[in-house]
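Given next are the chains, with one letter for each unit.
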Amino acid sequence: MSRLLALRLCEHDSNMSYFDGDKVFYFKSERLHQIKHHAYDNLWEWKKDLKNVFNIDYEKIDEIAIILDPWRHKLPIDNEEFYPAIKYEYFFPRENVWRVNHHLCHALSCWPLYKERPKYEIVIDGFGDANNAWTVIKNNKIFKRGYASSNGSLGISMGDAGNFLNIESNNQEGYDIAGKLMGLQSYGKILPEFKKHLNYNINSIDKLFNFKNFISFKNNELVARLQPLDWIKTVHDKVSDILIDFFEEITDSDYNASISYSGGVAQNVIWNSSLKKKFKNLIIPPHCSDDGLSLGALEFLRLKNNLPKFKIDNFPFCQSDEKPEENPNLDTIKKTAKYLQQGKTVAWYQGKGEMGPRALGNRSLLFNPLIKEGKNIINKIKKRETYRPFGASILKEHLNEYIDGEIDNKYMLYVGKVKKNNLDSITHIDGTCRFQVVDEDNLLYYNLIKEFFKLTNCPLVLNTSFNINGKPIMSTIKDAENFFKESDIDILVIGNKIYKK
């Protein structure tokens, strides 16, 4: 068996992973179509992308795994409570198609980050198949499950809270609201007495987020409605405690346990940081949201067929998108660092694009963090809400001088307190920064920051994704050039070429 294909064909964030018998290749459709959270409207368009992106015909695939929302495609919803997979022949005229459990695919998607499968695999999101809001897999078997209908859903509750607070979404479905709320809640303050009243756990999340709790605490609806940021800040902080309790219960407080954590909720860097302080061997992939589901479904096929561990080149910089013809040489890197020192906005397009929603130095918009108005300048370009924070990329060897955070944070999945007071543009209202540690494994980006450090004595840069609010990260050179021409970006670096205005 040589050619394996995994597809996510759901309501949002379609992606596919392909094994050609030697290596794994990955593609997220939003990058090509430049529609945020793109999903195929039918059951045949993906075949064209399969041919165009991977140069393989559907008929030549040996076995297929899918993650599917059947209601999107008007297919029968006759068996949602399945695990690990079921044969699925509704629209594929062949017998080698498996529909794999949504949460299992989340768990298995972590395979590029470990040699052996962790003892505990924890998945928390909005919901997966059969209304699952969370799933715990222990020693490769289902251990515990929670359901949105009976236990509430942390992912859905965050979205609902964001709607309650009038957070605007760039799409009708509101897929980005929970992420925006993560930044907004920092403007409130924790109310310790109110927090004491929140006697809820992972099985009563919907009750935790009920605003009536706050009205009752304040004993006046008007007063409560005038302090919504304090309400959500306190509730959000309580979730950190609930998650720690949940992980402790699952692992019997084994803080050295091997744990993978995935699902959309695992994008919350604040909760992640609380968990990481307790569980040192916690693994969270950069594609922890639905971006990574096809990787997990492909791993299911590998395990099913008892194949050797997959190879994937240069993870996580492995989007099947357009790569520049050559890398920047040292002269180009030095010139770019000089532009950053001068306060120029720099779009940096190198190699293959990153997996997951966060730019990690290949599709990044960069700026000098020492410039006080930096946040406003980048917000104007990206047309983002001003309350949202910007992240930073920092040289590994200088992390402890600038940020109190985890040394293995290569994928910008944790936050840390900023130790310097001259970094306003990357310091959020709560004094933290969502940061990325950069070492020589990410050599081009490392060398750029190192050259910037030589010029400024500052070993970090403001780093945000190379896109505009509500649009996907750049995937082609043409799209990058067009965005550069139409925006206020000063410098565009594609491979070894520098474009200036």
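Structure: above.
Here is what the cut-offs are and how they apply
- Residues numbered from 1 in each chain as written.
- Predicted model: local features only at pLDDT ≥ 70, side-chain atom pairs only at ≥ 80, totals over all residues.
- Heavy atoms only, no water.
- Helix = DSSP H or I, 4+ residues; strand = E, 2+ residues; numbered from the N terminus.
- Buried < 20%, exposed > 50% of the residue type's maximum accessible area, 1.4 Å probe, protein only.
- Contact = heavy atoms within 4.5 Å.
- Salt bridge = Lys/Arg side-chain N within 4 Å of Asp/Glu carboxyl O.
- Axes fitted to C-alpha atoms, helices over the stretch in contact; angles between N-to-C directions.
- Parallel < 35°, antiparallel > 145°, perpendicular 65-115°, else oblique.
- Nonpolar A, V, L, I, M, F, W, Y, C, P; charged D, E, K, R; others polar.
- Pairing = 2+ DSSP bridges.
- Core = buried A, V, L, I, M, F, W, Y, C linked by side-chain atoms within 4.5 Å.
- Polar contact = N/O pair within 3.5 Å; in protein donor to acceptor, adjacent residues only side chain to side chain.
- Left-handed = near helix turned anticlockwise from the far one by under 90°.

A.B. asks: How would you explain the overall build of the chain if you had to name every residue and give the values?
C.D. replies: A tally of helices and strands in the chain yields 18 helices and 20 strands. Here the C-alpha coordinates of the chain stretch approximately 65 × 60 × 40 Å along the principal axes. Counting over 501 residues, the chain shows a buried share of 59%. Within the chain, residue pairs in contact and separated by at least 24 positions form 66% of the contacts whose partners lie at least 6 positions apart.

A.B. asks: Kindly report on the pattern of salt bridges, identifying the contributing residues and their values.
C.D. replies: For the coordinates displayed, the defined rule picks out 30 salt bridges. With its nearest N and O atoms 2.8 Å apart, the salt bridge here joins K195 to D241. Pair noted here: K195 is in helix 7 (residues 192-196) and D241 is in helix 11 (residues 228-251), with a separation of 46 residues, a long-range link. One salt-bridge network, held together by shared partners, links D13, K28, E30, R31 and D291.

A.B. asks: How would you sum up the packing of helix 5 (residues 154-164) against helix 11? Please name residues and give values.
C.D. replies: At a minimum axis distance of 12 Å, the contact between helix 5 and helix 11 shows a crossing angle of 170°. Between helix 5 and helix 11, the angle is such that the two are roughly antiparallel. Counting all contacts with helix 5, which are made through L154, M158, A161 and F164, the residues of helix 11 involved are W231, I232, H236, V239 and L243. Split into classes, the residues belonging to the contact of helix 5 with helix 11 amount to eight nonpolar, one polar and no charged.

A.B. asks: So what's going on with the pairing of strand 16 (residues 415-418)? Residues and values would help.
C.D. replies: Inspection of the sheet shows strand 15 (residues 403-404) paired to strand 16 by two bridges, in the antiparallel sense. Along strand 16, the bridge assignment pairs I403 with V418. Sheet topology places strand 16 next to strand 17 (residues 432-438); three bridges connect them, and they run antiparallel. Within strand 17, the residue paired with V415 across the bridge is R434.

A.B. asks: Tell me about the nonpolar core, and please be specific about residues and values.
C.D. replies: The biggest cluster of nonpolar side chains holds 87 residues, and the ones touching the most others in it are F209 and Y261. The element that contributes the greatest number of residues to this core is helix 11, accounting for 10 residues. Ignoring any residue separated from it by four or fewer positions in sequence, one finds F209 in contact with L154, S157, M158, A161, W231, I232, V235 and V239. Core analysis: the next-biggest nonpolar cluster, separate from the first, contains 47 residues, A337, C458, F483 and V493 among them.

A.B. asks: I'd like to hear about the side chain of T251, residue by residue, with values.
C.D. replies: In this fold, T251 is placed in helix 11. Among the residues examined, T251 registers a relative accessible area of 2% and is labelled buried. Within the structure, the side chain of T251 is placed 2.8 Å from the backbone oxygen of F247, a separation counted as a polar contact. What T251 contacts, discounting residues up to four positions off in sequence, is Y120, A257, I259 and F279.

A.B. asks: How would you explain the sheet that holds strand 20 (residues 497-500) if you had to name every residue and give the values?
C.D. replies: Read from one edge of the open sheet, nine strands run 15-16-17-14-18-13-12-19-20, paired in mixed fashion. Both edges of this open sheet fall to strand 15 and strand 20, since each of them pairs with a single strand only. Pairing between strand 12 (residues 346-349) and strand 19 (residues 491-494): four bridges, direction parallel. Bridged to A347 within strand 19 is L492.

A.B. asks: Summarise the sheet that holds strand 10 (residues 259-262); cite the residues concerned and give the values.
C.D. replies: Taken in spatial order, the five strands make up an open sheet running 9-8-7-10-11, and their pairing is mixed. Two strands bound the open sheet, and with one partner strand each, they are strand 9 (141-147) and strand 11 (282-283). Bridging between strand 8 (residues 132-138) and strand 9 involves six bridges; their strand directions are antiparallel. Residue V136 lies in a different strand from strand 9, and its bridge partner there is K144. Of the strands in this sheet, strand 7 (120-124), strand 8, strand 9, strand 10 and strand 11 are in contact with helix 11, which crosses strand 7 at around 150°.

A.B. asks: Before we move on, could you go through the packing of helix 14 (residues 330-341) against helix 17 (residues 443-456) and cite the residues and values that matter?
C.D. replies: The contact between helix 14 and helix 17 brings their axes to 8 Å, and the two run at 50°. Taken as axis vectors, helix 14 and helix 17 run oblique relative to one another. Helix 14 and helix 17 meet at a crossing whose hand is right-handed. Within the contact between the two elements, helix 14 uses L330, I333, K334, T336, A337, K338, L340 and Q341 and helix 17 uses L444, N447, L448, E451, F452, L455 and T456. A breakdown of the residues in the contact of helix 14 with helix 17 according to their chemical character gives eight nonpolar, four polar and three charged.

A.B. asks: Which residues make up the side chain of S17, and what are the values?
C.D. replies: Locating S17 in the fold gives a position in strand 2 (residues 15-19). On the basis of relative accessibility, which here comes to 0%, the residue S17 falls in the buried class. There is a polar contact of 3.4 Å between the side chain of S17 and the backbone nitrogen of L295. For S17, the residues in contact, after removing those within four places along its chain, are L4, L5, A6, F25, Y26, S294, L295 and L298.

Read these as geometric descriptors, not functional statements.
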